[in-house]
Amino acid sequence: MARILIAMILILLMVGSALDSQRQKPNLASSQNTQASSLQSFRELSYAHQKIILANLSETDPEKAWEYLRETFIHKGVVIKPVHDLAHMIGKAAYRKLGIEGIRMCDQSFAFGCFHGVTEELFQTKGVGAVQEVQRTCLDLFPPTQTRLYTCCFHGMGHGLALWEKLNAPNALKDCDLLETTYRPFCYDGVFMEYGSHASKAANSAGDPWEFCNSLDKQYQDHCARYQALLLSHTSGWNVPVIALACLQATFPNAAETCRAGLGRMVSQKEERDAGRIFQSCTTIEEESGKYLCILYAAQE
């Protein structure tokens with residue numbers, strides 16, 4: 001129980017630190033108040049209305065649409081609403097307007113949705129033959145000696161390849177193997193995230209929740225375990241204690257904890273990084289170490 005309390009304190013400290021570091025100064029200018037009011041008005045629109053407005057803007061000026069999305073849904077350094085799909089839409093428009101260079105405007109906000117959109121649209125247009133082109137572009141725009149954003153670029157490639165292969169994960173993973181060895185793991189993760197996001201309830205048999213991961217070649221299995229909780233969320237109907245229990249049924253080394261780490265990250269996202277809701281969700285897990293790991297990895301998300 002003490003470990004759970006420590007992890008919970010960690011969540012609160014991280015949230016508090018993010019807010020304090022971005023705290024605005026008093027006596028805001030009138031123009032800033034007007035802008036804040038405009039952003040708040042946009043937040044209060046229905047999702048469908050927000051999507052229409054941003055879709056129209058992104059077709060003419062995707063960079064402006066991306067900037068507006070970030071200003072609207074990142075407040076004082078904290079994401080206040082998960083709008084991955086909107087980021088994804090803007091990324092797709094960026095490719096149509098700017099080509100692969102459109103990926104330059106992307107960052108890790110909203111679970112890398114902008115990267116996913118650009119690369120998905122690219123592969124839908126050019127097919128798997130563009131893998132080497134994307135590798136060169138990722139490294140040119142995001143030099144590994146200067147930034148870690150190249151990893152997001154390759155991760156986005158995995159999403160695009162999964163969709164190009166119509167969610168045939170083994171084929172998409174083979175496509176990732178066209179990359180230089182160093183960059184393949186980021187691509188694998190993108191494949192599994194996309195596959196897990198679309199998996200049906202029939203993806204795994206009821207008797208063996210690890211059937212899919214176990215069916216893959218060994219070099220892919222650790223990456224599969226990272227997104228196993230996402231896959232299980234479809235078969236369980238987002239039942240946190242059931243997913244946690246299924247994680248423990250892993251049959252290859254370190255997979256159980258890797259799966260539970262993924263569950264903690266998912267809880268953070270599902271509960272919109274709200275400390276109280278994270279604690280409530282994680283403590284539905286019966287096993288004490290499972291509760292602790294859930295809260296710990298949620299705090300790190």
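In the block above lies the structure referred to throughout.
A short tour of the structure in this document, coming up. (Residues numbered from 1 in each chain as written. Predicted model: local features only at pLDDT ≥ 70, side-chain atom pairs only at ≥ 80, totals over all residues. Heavy atoms only, no water.)

**Details of the overall build of the protein chain**
The condition that has to hold: Think of it this way: any DSSP run of H or I at least four residues long counts as a helix, any run of E at least two long counts as a strand, and we number them from the N terminus. Residue burial is assigned from relative accessible area. The probe radius is 1.4 Å, only protein chains are included, and a residue is buried under 20% of its type maximum, exposed over 50%, and partly exposed in between. Contacts: residue pairs with any heavy atoms within 4.5 Å of one another. All accessible-area figures derive from a Shrake-Rupley calculation using a 1.4 Å probe, and residue coverage is judged against the displayed protein chains alone.
Helix and strand counts for the protein chain come out as 17 helices and two strands. Residues counted as buried form 45% of the 301 residues belonging to the protein chain. Contacts spanning at least 24 positions in sequence make up 69% of the contacts within the protein chain whose residues lie at least 6 apart. Carbon and sulfur atoms form 52% of the exposed surface of the protein chain, whose accessible area is close to 14,700 Å².

**Things to note about empty space enclosed by the protein**
Defined as follows: Whether a set of points on the 1 Å grid over the protein atoms alone is a cavity depends on a 1.4 Å probe fitting there but being unable to get out, while an open set qualifies as a pocket with protein on both sides within 12 Å along at least five of seven lines; lining residues are those with an atom within 4 Å of a point. Grid points are joined across faces, edges and corners, and a volume is the space filled by probe spheres set on the points.
Inspection of the entire model under this criterion finds one cavity of 30 Å³ or more. Roughly 50 Å³ of volume is contained in the largest cavity. Forming the walls of the largest cavity are Phe 192, Tyr 195, Gly 196, Phe 212, Cys 224, Tyr 227, Gln 228 and Leu 231. Contributions of two or more residues to the lining of the largest cavity are made by helix 10 (184-198) and helix 13 (228-236). Considering each element in turn, the lining of the largest cavity owes the most residues, three residues, to helix 10.

**So, unusual backbone geometry**
If you check the backbone angles, Lys 166 has positive phi at about 55° while not being a glycine. Counting through the fold element by element, Lys 166 comes out in the loop between helix 8 (149-164) and helix 9 (169-176). Assessed through its relative accessible area of 72%, Lys 166 is described here as exposed. Within the chain, Leu 167 stands out as a residue other than glycine whose phi angle is a positive 65°. Take Leu 167: it is sitting in the loop between helix 8 and helix 9.

**Notes on the state of the cysteines**
Inclusion rule: Defined by distance alone, a disulfide is two cysteine sulfur atoms within 2.5 Å.
Throughout the structure, instances matching the rule amount to six disulfides. Residue pairing for Cys 282: its cysteine sulfur links by disulfide to Cys 294, the two sulfurs lying 2.0 Å apart. With the S-S dihedral at roughly -65°, the linkage between Cys 282 and Cys 294 falls on the left-handed side. Of this pair, Cys 282 sits in helix 16 (residues 275-282) while Cys 294 sits in helix 17 (residues 288-300), placing them twelve residues apart in sequence. Classification of Cys 294 by relative accessible area gives buried; the value is 1%. Cysteine pairing for the protein chain (bonded cysteines numbered in sequence order): 1-2, 3-4, 5-6, 7-8, 9-10, 11-12. Here Cys 152 stays unpaired: no disulfide links it, and the sulfur of Cys 153, its closest cysteine neighbor, is 8.5 Å away. For Cys 152, a relative accessible area of 7% gives the class buried.

**Regarding the environment of His 155**
Relative to the helices and strands, His 155 is located in helix 8. C-alpha separation for the pair His 155 and Gly 190, spaced 35 residues apart in sequence, amounts to 4.6 Å. Beyond its immediate chain neighbours, meaning those up to four positions away, His 155 contacts His 116, Phe 186, Cys 187, Asp 189, Gly 190, Met 193 and Tyr 227.

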